Each structure stands twice: as structure tokens, then as C-alpha cells.
Amino acid sequence: MTERQLSIVMPAYNEGDKIYENIKKVYSAVSVFCDSFEIIVVNDGSEDNTAEEVKKAAREISGVRLVSYKNNRGKGGAIKAGVKRAEGQYIAFLDADLDLPPEQLRDYMRLLEEDRADVVIGSKMHKDSKIDYPFIRKVISVGYYLMLKLLFHLNVKDTQTGIKIFKAEALKPVIDLIRTDGFAYDIEILIAVNSRHYRIMEMPVQLVFTRENGMGRIHLKDIWKAFRDTWKIFWRARIRKIYR
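These numbers come from a predicted model, not from an experiment.

Engineer: In this structure, what is going on with the overall build of the chain? I would like to understand it.
Structural biologist: Along the chain, the regular secondary structure elements total eight helices and nine strands. In terms of overall dimensions, the chain is globule-like: its C-alpha atoms have a radius of gyration of 17 Å, near the 18 Å expected for 244 residues. Taking the principal axes of the C-alpha coordinates as reference, the chain spans close to 50 × 40 × 35 Å. Taken across its 244 residues, the chain has 54% of its residues classed as buried. Restricting to contacts in the chain with at least 6 residues of sequence separation, those with at least 24 account for 81%. Element-wise, carbon and sulfur atoms account for 50% of the exposed surface of the chain, whose accessible area totals about 11,800 Å². When the 41 basic and 34 acidic side-chain charges of the chain are each reduced to a single mean position, those positions are 6 Å apart.

Shown next as C-alpha cells:
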């Protein structure tokens, strides 16, 4: 395999009980297909020992980097902080709980290398996806997809799945334009790169939901905030046209 430059950004909030082992799993999986990569774990104001566990992994594994700050900024804020420090030619997002196995990045990256896409995103709605996912989350996903289709006419079915990979040249120039810190950050990033005519491709995912309840860390207030943030993104994209 030829040498490649990949940055994997992993936002983490109170993941101290599993982040050390999950970093090792990511390293083991990615080292099979990529010779040169870094794992950037963003400690998003955790109240547990997440930062200490990441430092422990960094002492043992080359290429593990910790980005840490005191106050919780939300997943979007963590992603933004990680992207700003990423040095790779390609930049991937990966959820720290590993509900989405990192091995999937191999095929995603291949599409970028073959120049068939500039952005590749995982989609739970892809016909070949294999998912073990609570019914309530499926309902929310479909409802949000319909809303986005109506507002933005974006030709993707699922913007919210936590595994994505970008060419750095597509992502880096827009990251400072992203204002959303919550769960709607995905759609703002995709709208921004789409506005600049970069090619977005969806790929199937394997997903096994491991959180203790059907909603995981998403609560009603998060859904309401995502709804409000989406309308703000619509204003910035369609009225102010700031992403072009």
C-alpha cells in the first residue's frame, strides 16, 4: 500500500471507561490499510478521566494526540477543534464509542484516492447498511432527512451518522464558517462543502447501538436545538450565502 496521510478526529465526552481500549482498536484497524495516520481525540470538557486515559494511550501508541479544554462545547465544537489541528491529506470523523467500526474507513478512503468523491459519508439508509438501531432513532432520522430534503435539496439521505471522511482541501477552508456546536453540525459542514461544488458520496455502514437506552445521549432538548440550528443554517446558506 502506498503511504497516505490520514487524520482521524474522535470527539469524546465522559468516555473514560472505554476510550483507552477504543483508541487501541482504532489504531489496530487503521494500521492494516494506512501507513501514515494520526488519531486526534478531542476531550470535550469531560468530567471523568477521559483526558488521562487518552494521555495513557498516547504514551504507548505513536500518532495519538489529545486536544482538551475545560468547558463542554458539544460534538460540533469538538469536531471543529479537532479539524483545526488535523495535518492529514484526508480527515475522518469517528465516534469514540465505536458503534461504527473503524474498519469501514478503508473503503471510504479508497473512493477519495480514486477521486470519485471529495467527501464520503456513512448512511444508515443505504440499501446495503447493516444496522442494529432503536426504532425511535430510526423515526428521528427519517423525519430529519425529510426536513433537510425540503430545506436544502441536498442529494444525500443521511447526514447524521458519525463516520465521515473528507479531502482536507474540501473541509479545511470551510471549518471556520461552521457555527453549530450541537448535533446539527454535520448538516452545516455538508451544506458548506456542497455549496463549493465538492462531490459527496454515501456508503453503507455497519452499526451496533451500544448505549444503555434507545436515545443514547440525545435528549428532547437536543432534538429541539438541532431543529433550531437547522433553520439558522438555512438562513446562512440560502439568505446570506456565507458558505460560497
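Engineer: How should the environment of Tyr-185 be read in this particular structure?
Structural biologist: Its place among the elements puts Tyr-185 in helix H7 (residues 185-195). In sequence terms Tyr-185 and Gly-74 are 111 residues apart; their C-alpha atoms lie 9.6 Å from each other. Tyr-185 has contacts with Lys-75, Gly-76, Ile-79, Phe-93 and Thr-180, leaving out every residue within four places of it along the chain. For Tyr-185, the side chain forms a polar contact with the side chain of Asp-186, separated by 3.4 Å.

Engineer: Just to check I follow, could you spell out H7 for this structure?
Structural biologist: Residues spaced three or four apart along an α-helix point in a common direction, a consequence of the helix completing one turn every 3.6 residues. In terms of residue burial, H7 counts as a mostly covered element, since nine of its 11 residues are buried. Tyr-185, Asp-186, Ile-187, Glu-188, Ile-189, Leu-190, Ile-191, Ala-192 and Val-193 are the residues of H7 that are buried.

Engineer: Is there a simple way to think about the sheet that holds strand E7 (residues 163-167) in this case?
Structural biologist: Ordered by their spatial adjacency, seven strands build an open sheet running E3-E2-E1-E4-E7-E5-E8, and the pairing between neighbours is mixed. Every interior strand has two partners, whereas the edge strands, strand E3 (64-69) and strand E8 (200-204), have only one. For this sheet, the mean inter-axis angle between neighbouring strands, taken without regard to orientation, is 20°. Summarising the sheet, strand E5 (residues 119-123) and E8 pair through five bridges and their orientation is parallel. Across the sheet, Val-120 pairs through a bridge with Met-201, a residue of E8.

Engineer: Honestly, the environment of Lys-172 in this entry has me stumped. Any pointers?
Structural biologist: On the secondary structure map, Lys-172 appears in the loop between helix H6 (168-171) and H7. With relative accessibility at 30%, the residue Lys-172 sits in the partly exposed group. In this structure the C-alpha to C-alpha distance between Lys-172 and Thr-161, which are 11 residues apart in sequence, comes to 20 Å. Leave out the neighbours within four places in its chain, and Lys-172 touches Val-83, Lys-84, Arg-85, Ala-86 and Ile-91.

Engineer: Help me out: how do you make sense of the side chain of Ser-7 in this one?
Structural biologist: Mapped onto the elements of the fold, Ser-7 is located in strand E1 (residues 5-12). According to the relative accessible area criterion, Ser-7 is buried, its value standing at 0%. Within polar-contact distance, the side chain of Ser-7 engages the backbone nitrogen of Glu-87 at 3.3 Å.

Engineer: Would you take a moment to explain the packing of helix H1 (residues 19-30) against helix H2 (residues 50-60) for this structure?
Structural biologist: Angle between the axes and distance between the axes: these two values describe a pair of packed helices. Where H1 meets H2, the axes come as close as 8 Å, and the angle between the chain directions of the two elements is 35°. Read as a crossing pair, H1 and H2 show a hand that is right-handed. From H1, Ile-19, Tyr-20 and Ile-23 reach across to H2, where they touch Thr-50, Glu-53, Val-54, Lys-56, Ala-57 and Glu-60. Looking at the contact of H1 with H2 residue by residue, the class counts come to five nonpolar, one polar and three charged.

Engineer: So what exactly am I meant to see when it comes to the pattern of salt bridges here?
Structural biologist: As a working rule, side chains carrying opposite charge can pair if their charged atoms are close by. By the definition in use, this model includes 16 salt bridges. Across the salt bridge formed by Arg-65 and Glu-38, the nearest N and O atoms sit 2.7 Å from each other. Remark: Glu-38 occurs in strand E2 (residues 36-44) and Arg-65 occurs in strand E3; sequence separation between them is 27 residues. A relative accessible area of 9% places Glu-38 in the buried class. The partner of Asp-176 in a salt bridge is Lys-84, and the shortest N-O contact between them spans 3.0 Å.

Engineer: Would you mind going over helix H3 (residues 75-85) with me for this structure?
Structural biologist: Summarising burial for H3: eight of the 11 residues are buried, a large majority. Those residues of H3 not exposed but buried are Gly-76, Gly-77, Ala-78, Ile-79, Lys-80, Ala-81, Gly-82 and Val-83. Residues of H3 that are buried in the fold lie against E1, E2, E3, strand E4 (90-94), H6 and H7.

Engineer: Would you explain a nonpolar patch on the surface in this entry?
Structural biologist: On the surface, a cluster of nonpolar side chains totalling about 370 Å² of accessible area is made up of Phe-135, Ile-136, Val-139 and Ile-140. Looking at the element boundaries, Ile-140 is found in helix H5 (residues 135-152).

Engineer: Would you take a moment to explain the side chain of Ser-36 for this structure?
Structural biologist: The residue Ser-36 is located in strand E2 in this model. For Ser-36, the side chain forms a polar contact with the side chain of Gln-5, separated by 3.1 Å.

Reading the values: the criteria
- Residues numbered from 1 in each chain as written.
- Predicted model: local features only at pLDDT ≥ 70, side-chain atom pairs only at ≥ 80, totals over all residues.
- Heavy atoms only, no water.
- Helix = DSSP H or I, 4+ residues; strand = E, 2+ residues; numbered from the N terminus.
- Rg over C-alpha atoms; globule rule 2.2 N^0.38 Å.
- Buried < 20%, exposed > 50% of the residue type's maximum accessible area, 1.4 Å probe, protein only.
- Contact = heavy atoms within 4.5 Å.
- Areas by Shrake-Rupley, 256 points an atom, 1.4 Å probe, with all protein chains shown as cover.
- Lys, Arg positive; Asp, Glu negative; His and termini not counted.
- Charge placed at Lys NZ, Arg CZ, Asp CG, Glu CD.
- Polar contact = N/O pair within 3.5 Å; in protein donor to acceptor, adjacent residues only side chain to side chain.
- Pairing = 2+ DSSP bridges.
- Axes fitted to C-alpha atoms, helices over the stretch in contact; angles between N-to-C directions.
- Left-handed = near helix turned anticlockwise from the far one by under 90°.
- Nonpolar A, V, L, I, M, F, W, Y, C, P; charged D, E, K, R; others polar.
- Salt bridge = Lys/Arg side-chain N within 4 Å of Asp/Glu carboxyl O.
- Patch = residues over 30% accessible without salt bridge, like charges linked within 9 Å, V, L, I, M, F, W, Y side chains within 5 Å.

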